[in-house]
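# Survey of secondary and tertiary structure
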Amino acid sequence: MTIPAQAAGAISVPEAVERLRHLGFLLLSPFPEGAGDAHLLIALRDRPTQAHFDPELVRYWRTGEDRRGHIDELTLASRVPIHASFSWGKIEVIDRFGIENNFVSLGGSLEADETANGTVAVFSSPGPILRMGGHSQAVDRVALELGAFFGRMMVPIDFLPGAEAEISAARPLERYAAFVAFEHTRYAAYEALRDEHPRQAEILREEAIRLHRDHPDAWQAGERLLDRMGLAR
């Protein structure tokens with residue numbers, strides 16, 4: 001389920017518990033109507049409620065000490081509390097039957113702790129966390145573009161020494177700025193693409209303007225990151 005975020009800033013685990021009272025997960029996001037942090041709240045309960053969706057496993061990416069990406073997992077057996085960062089990539093929310101709801105993000109912070117009925121996790125990002133489809137949700141605008149951008153990032157990671165460490169060292173907002181700059185330029189260059197996906201083109205244009213105006217340092221760092229990856233146009 002997705003609802004617009006009421007306000008930017010941190011979401012505590014106790015607050016997440018209240019919001020998840022009748023839900024297995026909840027995405028709080030102002031995107032694309034507004035700007036602000038996005039929060040993905042997930043409840044791993046001792047017993048399935050069978051009322052909404054009952055996650056038992058969360059897979060996500062983190063950056064290791066080697067500055068490379070590693071898949072990590074969160075279950076009821078995971079040691080908590082967790083106060084950590086997560087990196088760019090997919091967040092997979094999986095139930096006991098192996099059914100998934102998937103999200104994509106460019107990174108942020110992860111807080112998780114034990115509650116009276118299991119474990120609650122809060123993924124927070126200064127950029128959007130986008131729905132990538134699954135059992136009980138649709139696909140968000142520009143989510144497919146972000147998934148394709150991850151594929152483009154893998155080319156320099158595979159062939160350019162130090163690229164993955166540099167991408168991992170960037171702040172999430174800088175990676176988001178790189179994505180927006182790349183996709184806005186791509187849409188601006190192809191009229192047929194804009195005609196086929198006018199809403200995506202509008203979102204990317206508005207985000208490019210906002211990031212350039214409100215976060216000029218992140219915007220410039222994103223452009224440098226694109227250049228380093230060989231994706232600057």
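Structure first, text after, so check above.
Below, the structure is looked at part by part.

About the thresholds
Position numbers for residues start from 1 in each chain and track the written sequence from start to end. Only residues with pLDDT of 70 or above have their local features reported here, since the model is predicted, and side-chain atom pairs are shown and tallied only from 80 upward, although totals for entire chains, interfaces and linings are computed over all residues. Computation of side-chain values covers all heavy atoms of the structure but excludes hydrogens and water. Put simply, two rings from Phe, Tyr or Trp (the six-membered ring, in Trp's case) pair if the centres are within 6.5 Å, and we call them stacked under 30 degrees between planes, edge-to-face over 60, tilted for the rest. Where helices and strands are cited, they refer to DSSP runs of H or I of at least four residues and of E of at least two residues respectively, numbered from the N terminus. Exposure is judged per residue with a 1.4 Å probe applied to protein chains only, and the accessible area is read against the type maximum: over 50% gives exposed, under 20% gives buried, and values in between give partly exposed. Lines fitted to C-alpha atoms define the axes, with helix axes restricted to the stretch in contact, and inter-axis angles between N-to-C directions lie between 0 and 180 degrees. Roughly parallel means an angle under 35 degrees; roughly antiparallel means over 145; roughly perpendicular covers 65 to 115; every other angle is labelled oblique. A contact between two residues is defined here by any heavy atoms of the two lying within 4.5 Å. For this classification, Asp, Glu, Lys and Arg are treated as charged, while Ala, Val, Leu, Ile, Met, Phe, Trp, Tyr, Cys and Pro are nonpolar and the rest, including Gly, are polar. A pair of strands is considered paired only if DSSP assigns at least 2 bridges between the two.

## A closer look at the packing of aromatic side chains
Tallied over the full model, the rule gives eight aromatic pairs. With centroids separated by 5.8 Å and ring planes inclined at 80°, the aromatic side chains of Phe-25 and Phe-53 adopt a geometry described as edge-to-face. Of this pair, Phe-25 sits in strand 2 (residues 25-28) while Phe-53 is found in the loop between strand 3 (38-45) and strand 4 (55-63), placing the two residues 28 residues apart along the sequence. We note that Phe-25, like Phe-53, is buried. With a centroid separation of 5.4 Å and an interplanar angle of 70°, the aromatic rings of Tyr-60 and Phe-123 are classed as edge-to-face. Taken together, the residues Tyr-60 in strand 4 and Phe-123 in strand 10 (residues 118-125) connect sequence positions 63 residues apart. Pair check on accessibility: Tyr-60 and Phe-123 agree, each one buried.

## So, the packing of helix 2 (residues 143-159) against helix 4 (residues 172-189)
It is the contact of helix 2 with helix 4, at a shortest axis distance of 11 Å, that shows an interaxial angle of 105°. With respect to helix 4, the element helix 2 is oriented roughly perpendicular. Contacts between helix 2 and helix 4 involve Glu-145, Leu-146, Phe-149 and Arg-152 from the first element and Ala-178, Phe-179, Phe-182, Glu-183, Arg-186 and Tyr-187 from the second. Of the residues that constitute the contact of helix 2 with helix 4, the class distribution is six nonpolar, no polar and four charged.

## Digging into the pairing of strand 10
Burial analysis of strand 10 places eight of its eight residues in the buried class, which makes it a mostly covered element. Both strand 3 and strand 10 contribute to a ladder of eight bridges, which runs antiparallel. Note on strand 10: the bridge partner recorded for Ala-38 is Ser-125. In the sheet, strand 9 (residues 108-115) pairs with strand 10 via seven bridges, with the strands oriented antiparallel. Among the inter-strand pairings, Thr-115 is bridged to a residue of strand 10, identified as Gly-118. Taken together, strand 9 and the strand that follows it, strand 10, pair antiparallel across an intervening segment of two residues.

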